[in-house]
Amino acid sequence: MSGEPMPAPKEPRWWLRILLGLMAFFLLVTVGIGVAVYRWGNRPENREKLGAVSDLMKIGLEAATAPGTAELRALGCKNAVVIDAEQVNKVTQRLEGRAGTGDGGATAEEREMVSLICGVAAGKAVRCDQVVATYVQAVTNPPEKLFVVVQEERGRKEPLCEGLYDRTGQLLEAVEEEAE
């Protein structure tokens, strides 16, 4: 034997064991949540709902970048959105079919309509007929009927103007406020 002294035993690292135990616990919880979400998302009824939500997100993105939106922004619409009613109708029919509350969908007139939504800065004056004229000049084949809403982004609750217009800018039907 050598004359060297034995090294002193190391102190137990109790805090390391607790830390490793907590990490293992959180790993198990995370895996459990992941499995539960995966199983929920793969149910046929939930897959249909998630698909509809995905379709609505795509419609929103397309509406913000649709033909004519750049020209509407140049007119003064801080936020310009062009919504094709046919796309929205397909998604709502899909959801109503799943819920069993379908009413047959929109009429042919509603499906062919496009909604133009113009959000303007406070104090900015943009009229609905200007929005229609700008949009009609910007696109190649505008629909016969356009539903237009010009809304001040902050401040006023009621729209500055809204109504159903034809492609010439003629007001066909004004939207009236409902009495409360």
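Refer to the structure printed above.
Remark: the centre distance and the inter-plane angle together describe each pair of aromatic rings, the angle taken between the planes. Applying the stated criterion across every chain yields a total of one aromatic pair. On the numbers, 5.5 Å between centres and 65 degrees between planes, the contact of F25 with F26 is edge-to-face.

Time to look at the state of the cysteines. What we call a disulfide is simply a covalent bond connecting the sulfur atoms of a pair of cysteines. Counted under the stated rule, the structure contains two disulfides. Between the sulfur of C77 and that of C118 lies a disulfide, 1.9 Å long from S to S. Here the S-S torsion is close to -105 degrees, and the disulfide linking C77 with C118 is therefore left-handed. Highlighted residues: C77 in the loop between α3 (69-75) and β1 (79-84) and C118 in strand β2 (residues 114-120), separated in sequence by 41 residues. Each member of the pair C77 and C118 is classed as buried. Covalent S-S linkage joins C128 and C161, the inter-sulfur distance amounting to 2.1 Å. Its S-S torsion of about 110 degrees marks the bond between C128 and C161 as right-handed, since a negative value means left-handed. With C128 in helix α6 (residues 128-138) and C161 in strand β4 (residues 161-166), this pair connects stretches of sequence that are 33 residues apart. Both residues of the pair, C128 and C161, count as buried. Take the cysteines of the protein chain that form disulfides and number them in order along the sequence; they join up as 1-2, 3-4.

Parameters and conventions
- Each chain has its residues counted from 1, following the order in which its sequence is written.
- Per-residue local features are limited, in this predicted model, to residues with pLDDT of at least 70; the limit for side-chain atom pairs, both in listing and counting, is 80 or more; totals at the level of whole chains, interfaces and linings are taken over all residues.
- The side-chain values count all of the structure's non-hydrogen atoms but skip hydrogen atoms and water molecules.
- Stacked, edge-to-face and tilted labels apply to pairs of Phe, Tyr and Trp rings (six-membered ring for Trp) whose centres lie within 6.5 Å, assigned for plane angles under 30 degrees, over 60, and everything in between, in that order.
- When two cysteine sulfur atoms lie within 2.5 Å, the pair is treated as a disulfide.
- The way it works is that DSSP assigns letters per residue, a run of H or I at least four long becomes a helix, a run of E at least two long becomes a strand, and they are numbered from the N terminus.
- Three exposure classes are used, based on accessible area relative to the maximum for each residue type with a 1.4 Å probe and protein chains only: buried under 20%, partly exposed in between, and exposed over 50%.

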